[in-house]
Amino acid sequence: MREQANKKLDLNLIGERTYSRIIETIKTIEKAPISHKNINDITSQDIQDYLNTLKDYSNSTIKKMKEQFNQAFREALNKGYIVKNPMFEVIRPRSNKEHKIVRALEIEEQQKLTNYLMSIPISDEPYKVAYLIEMYLGLRIGEVLALRNTDINLHKNLITVNKTLTTDKNHKVIMGNSTKTYSGIREVPIPSFIREEIINQMRLAESHKDKQLFFDPNGNYVRPNNANRKLKELLKKMGISN
């Protein structure tokens, strides 16, 4: 499994963030007794029994686990380590967890949040402009936090989106060289009512390295998870469900 992950990373088929996620999946599998058996001795039932113990994980996690087994046994068959692929008889179990519903803000909730953000200074809510850009320009949080002053054309009233913050294989936040998908590279218009807020953020960014629009208190890139966590805290304080 590790060999396959390293190969994909070397061939640029996956990025470092995806690589680190795969390695975390493999580390979980390595804790199971099945990982210590000789590959010729592992049966379909062994794999099925192991996957059945994962029902308290999400469906997404179970799917990733099974995919690692699929790839590993397919490669083992290609290399002649085994003569039969036991994965053909393995069925992915369904998680005990309820499917997570993603809920959009209601119009009234969005207006309430907007009114609050527009009324408070950046010093009191450091990511207020990030949240406004998310809401009204449709950027992912990683794309927002990757913005620099040079990405903003006030003359044309456009923001260019061509990169995103990501993490390397050591979980360090780094600047990615592209967006999450190729189609994510785009130009988006700035709504007039938040233009002045963006300009204020740009003034603050003049003193930042590379004129980065957002930095954490230590002068580092903002972890998207941290910005999302603060947004959840803000919504809770305002009585808006997540």
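Residues numbered from 1 in each chain as written. Predicted model: local features only at pLDDT ≥ 70, side-chain atom pairs only at ≥ 80, totals over all residues. Heavy atoms only, no water.

**Student:** Describe the overall build of the chain, listing the residues and the values that go with them.
**Tutor:** Looking only at helices and strands, the chain has nine helices and five strands in total. Secondary structure of the chain in N-to-C order comes out as α-α-α-α-α-α-α-β-β-β-β-β-α-α. Here the C-alpha radius of gyration of the chain, 23 Å, is well above what a compact globule of 242 residues would show, namely 18 Å. Each of the three principal axes of the chain carries a C-alpha extent, and together these read 65 × 40 × 30 Å. Counting every position in the chain, which comprises 242 residues, the buried fraction comes to 40%. In the chain, the proportion of contacts linking residues at least 24 apart, taken out of those at least 6 apart, comes to 60%. For the chain, the exposed surface amounts to about 14900 Å²; the carbon and sulfur share of it is 49%. (Helix = DSSP H or I, 4+ residues; strand = E, 2+ residues; numbered from the N terminus. Rg over C-alpha atoms; globule rule 2.2 N^0.38 Å. Buried < 20%, exposed > 50% of the residue type's maximum accessible area, 1.4 Å probe, protein only. Contact = heavy atoms within 4.5 Å. Areas by Shrake-Rupley, 256 points an atom, 1.4 Å probe, with all protein chains shown as cover.)

**Student:** Can you explain the environment of Glu24? Please cite residues and give values.
**Tutor:** By the element assignment, Glu24 lies in helix α2 (residues 16-30). Taking the relative accessible area as the measure of exposure, Glu24 reaches 34% and is therefore partly exposed. C-alpha of Glu24 to C-alpha of Asn70: the two residues are 46 residues apart in sequence and 17 Å apart in space.

**Student:** An account of the pattern of salt bridges is requested, with residue identities and associated values reported.
**Tutor:** Per the stated rule, a full pass over the model turns up 15 salt bridges. With a shortest N-O distance of 2.9 Å, Lys37 and Asp46 are connected by a salt bridge. Judged by relative accessible area, Lys37 falls into the partly exposed class, the value being 37%. A salt bridge links Arg140 to Glu143; its shortest N-O distance comes to 3.4 Å. For Glu143, a relative accessible area of 1% translates into the label buried. (Salt bridge = Lys/Arg side-chain N within 4 Å of Asp/Glu carboxyl O.)

**Student:** Could you give an account of helix α6 (residues 128-137), with specific residues and numbers?
**Tutor:** With seven of 10 residues buried, α6 lies mostly within the body of the structure. Those residues of α6 not exposed but buried are Lys128, Val129, Ala130, Tyr131, Leu132, Ile133 and Leu137. Summarising the contacts, the buried residues of α6 are in contact with α5 (107-119), α7 (141-145), β2 (158-161), β5 (186-189), α8 (192-205) and α9 (224-237). Gly138 occupies a position one or two residues after α6 and carries a positive phi of about 75°.

**Student:** Got a sec to walk through the environment of Pro217? Specific residues and values, please.
**Tutor:** Within the secondary structure, Pro217 is located in the loop between α8 and α9. A residue is classified by how much of its surface remains accessible, and Pro217, at 83% relative accessible area, is exposed. Residues Pro217 and Val129 lie 88 residues apart in sequence; the distance between their C-alpha atoms is 16 Å.

**Student:** Please set out the pairing of β2 residue by residue, giving values where relevant.
**Tutor:** Residues Ile159 and Val161 line the buried face of β2, whereas the alternating positions Leu158 and Thr160 sit on a face that is not buried. In terms of strand pairing, strand β1 (residues 152-153) meets β2 through two bridges, oriented antiparallel. Across the sheet, the residue bridging to Ile152 is Ile159, located in β2. With antiparallel pairing between neighbouring strands as the criterion, β1 and β2 make up a hairpin whose turn holds four residues, including Asn157 at a positive phi of roughly 60°. (Pairing = 2+ DSSP bridges.)

**Student:** Which residues make up the layout of surface pockets, and what values go with them?
**Tutor:** As a volume, the largest pocket reaches approximately 1600 Å³. Surrounding the largest pocket, 40 residues form its lining, Glu134, Arg140, Ile141, Gly142 and Asn228 being those nearest its centre. Where the lining of the largest pocket is concerned, the elements lending two or more residues are α2, α6, α7, β3 (165-167), β4 (173-175) and α9. For the lining of the largest pocket, the leading source of residues is α9, giving six residues. Among the residues making up the lining of the largest pocket, the classes are represented as 16 nonpolar, 14 polar and 10 charged. (1 Å grid on protein atoms, 1.4 Å probe; cavity = no way out; pocket = protein on both sides within 12 Å on 5 of 7 lines; lining within 4 Å. Points joined across faces, edges and corners; volume = space filled by probe spheres on them. Nonpolar A, V, L, I, M, F, W, Y, C, P; charged D, E, K, R; others polar.)

**Student:** Break down the sheet that holds β2 for me, with residues and values.
**Tutor:** Read across the open sheet, the three strands follow the order β1-β2-β5; overall the sheet is antiparallel. Only two strands of the sheet have a single partner each, and these edge strands are β1 and β5.

**Student:** So what's going on with the packing of helix α1 (residues 2-10) against α2? Residues and values would help.
**Tutor:** Relative to each other, α1 and α2 sit at 180°, their axes nearing to 10 Å. Looking at the two axes, α1 sits roughly antiparallel to α2. Across the interface between the two elements, Arg2, Ala5, Asn6 and Leu9 of α1 pack against Glu16, Tyr19, Ile22, Ile23, Ile26, Lys27 and Glu30 of α2. Class assignment for the residues of the contact of α1 with α2 results in six nonpolar, one polar and four charged. (Axes fitted to C-alpha atoms, helices over the stretch in contact; angles between N-to-C directions. Parallel < 35°, antiparallel > 145°, perpendicular 65-115°, else oblique.)

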